[in-house]
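A look at the structure
These are the residues of each chain, in order.
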Amino acid sequence: QQQVKQSPQSLIVQKGGISIINCAYENTAFDYFPWYQQFPGKGPALLIAIRPDVSEKKEGRFTISFNKSAKQFSLHIMDSQPGDSATYFCAASIKNYGGATNKLIFGTGTLLAVQP
Amino acid sequence: EPEVTQTPSHQVTQMGQEVILRCVPISNHLYFYWYRQILGQKVEFLVSFYNNEISEKSEIFDDQFSVERPDGSNFTLKIRSTKLEDSAMYFCASKDRGLSYEQYFGPGTRLTVT
């Protein structure tokens, strides 16, 4: 129940296209859903995040769509660029009211390649 | 822009040796974490630390692991007797207030156990 399932494992998109990565979860106690971008040899970098009280959040070319009833959320990258080529991880977190530490539970990652 | 830093970037050690991985979290942050990522796999939570004590740890974080905040800036992860399966990238992360959710990750330390 603590898992976050992510798909696809890899994705190839043409420059200017839309990249879509999906995640699903079971635990309804999750209340924070970030996406991280990771380049080879680097740490995960927070890209965008959403709370379950909204269905969509947009920041520049990146949009999270959130479907609470389906327990799914997705990352859309509009006008994908070669510089977006990286591994993308979805994650989920529960606020631990005993310690407010909200560990992140990560999906398995999607390797995105944007072809010029 | 403030960032989490980690040293060393790469550590090679022999099986059975002790290693200490160091992190300097963002200066006004209060919550600290260690995660690890085995090559090609997902990032896994190890431990969280707040108010000078462990607040949560995963099954991975057994008696061979310990964490410490020896001064006001460093946060360390010690592995007492390394095993081959400890080879991974280890990431430190930090978060500011209790009500905030955003965790910021460091660049990682690649630990290779031979």
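Below: a short report on this structure.

Calculation criteria
Residues numbered from 1 in each chain as written. Chains lettered and ligands numbered in written order. Predicted model: local features only at pLDDT ≥ 70, side-chain atom pairs only at ≥ 80, totals over all residues. Heavy atoms only, no water. Pairing = 2+ DSSP bridges. Helix = DSSP H or I, 4+ residues; strand = E, 2+ residues; numbered from the N terminus. Axes fitted to C-alpha atoms, helices over the stretch in contact; angles between N-to-C directions. Polar contact = N/O pair within 3.5 Å; in protein donor to acceptor, adjacent residues only side chain to side chain. Contact = heavy atoms within 4.5 Å. Patch = residues over 30% accessible without salt bridge, like charges linked within 9 Å, V, L, I, M, F, W, Y side chains within 5 Å. Areas by Shrake-Rupley, 256 points an atom, 1.4 Å probe, with all protein chains shown as cover. Salt bridge = Lys/Arg side-chain N within 4 Å of Asp/Glu carboxyl O. Buried < 20%, exposed > 50% of the residue type's maximum accessible area, 1.4 Å probe, protein only. Buried area = accessible area lost by both parts, 1.4 Å probe. Nonpolar A, V, L, I, M, F, W, Y, C, P; charged D, E, K, R; others polar. 1 Å grid on protein atoms, 1.4 Å probe; cavity = no way out; pocket = protein on both sides within 12 Å on 5 of 7 lines; lining within 4 Å. Points joined across faces, edges and corners; volume = space filled by probe spheres on them.

**A word on the sheet that holds strand β3 (residues 19-25) of chain A**
Residues and elements named next belong to chain A.
- Taken together, five strands build an open sheet; the order of strands is β1-β3-β8-β7-β6 and the sheet is antiparallel. Edge positions in the sheet fall to β1 (4-7) and β6 (56-59), since each has one partner strand and no second. The sheet shows a mean angle of 15° between the axes of neighbouring strands, direction not considered.
- Sheet topology places strand β7 (residues 62-67) next to strand β8 (residues 72-77); six bridges connect them, and they run antiparallel. Looking at the pairing, N67 lines up with Q72 of β8.

**Topic: the side chain of D84(A)**
All names here are of chain A.
- Its place among the elements puts D84 in the loop between β8 and β9 (86-93).
- At a separation of 2.8 Å, a polar atom in the side chain of D84 contacts the side chain of R61.
- With residues up to four places along the chain from it excluded, the contact list for D84 reads Q37, R61, F62, I77, D79, L112 and V114.

**Examining a nonpolar patch on the surface**
Residue and element names in this part refer to chain A.
- There is a patch of nonpolar side chains on the surface, built from I18, I20 and M78 and spanning about 240 Å² of accessible area.
- Following the sequence through the fold, M78 ends up in the loop between β8 and β9.
- The exposure class of M78 is partly exposed, given its relative accessible area of 34%.

**Quick word on the interface of chain A and chain B**
- Between chain A and chain B, the contact holds 22 residues from the first and 23 residues from the second.
- Buried area between chain A and chain B, summed over both chains or domains, comes out near 1,900 Å², and the portion from carbon and sulfur atoms is 56%.
- In this structure, the connection of chain A to chain B is made through one salt bridge.
- The shortest N-O distance in the salt bridge between K103(A) and E56(B) comes to 3.0 Å.
- Looking at the side of chain A that touches chain B, the elements with two or more residues in it are β4 (33-38) and β10 (104-106) of chain A.
- Residues that form the side of chain A that touches chain B fall into these classes: eight nonpolar, nine polar and five charged.

**Some words on the pattern of salt bridges**
All names here are of chain A.
- Tallied over the entire structure, the rule returns six salt bridges over all chains.
- Between E26 and K71 there is a salt bridge whose closest N-O contact spans 3.8 Å. With E26 in the loop between β3 and β4 and K71 in the loop between β7 and β8, this pair connects stretches of sequence that are 45 residues apart.
- Between R51 and D31 there is a salt bridge whose closest N-O contact spans 3.8 Å. Here R51, found in the loop between β5 (45-50) and β6, pairs with D31, found in the loop between β3 and β4; they are 20 residues apart in sequence, far enough to count as distant.
- Taking the relative accessible area as the measure of exposure, R51 reaches 35% and is therefore partly exposed.

**Examining the layout of surface pockets**
- Empty space within the largest pocket amounts to approximately 410 Å³.
- What lines the largest pocket is a set of 20 residues, and nearest its centre among them are T87(A), F89(A), Q37(B), G40(B) and Q41(B).
- Every element with two or more residues in the lining of the largest pocket is listed here: β9 and β11 (110-115) of chain A together with β9 (88-95) of chain B.
- The residue inventory of the lining of the largest pocket, partitioned by class, reads eight nonpolar, ten polar and two charged.
- One number sums up the size of the second largest pocket: a volume of about 330 Å³.
- Going through the elements one at a time, β5 of chain A together with β10 (104-105) of chain B are the ones with two or more residues in the lining of the second largest pocket.
- Broken down by class, the residue content of the lining of the second largest pocket amounts to nine nonpolar, two polar and three charged.

**Digging into unusual backbone geometry**
- Along the chain, S7(A) connects to P8(A) via a cis peptide bond; the corresponding omega equals -5°.
- Summarising the element assignment, P8(A) is placed in the loop between β1 and β2 (10-14).
- Residue P8(B) is reached from T7(B) by a cis peptide bond, and omega for that bond is -10°.
- Phi at N51(B) takes a positive value of approximately 55°, unusual for a residue other than glycine.
- Along the chain, N51(B) falls in the loop between β5 (43-50) and β6 (53-57).
- Of the residues examined, N51(B) reaches a relative accessible area of 58% and is grouped as exposed.
- One non-glycine residue, N52(B), lies in the positive phi region at around 65°.
- Mapped onto the fold, N52(B) is located in the loop between β5 and β6.

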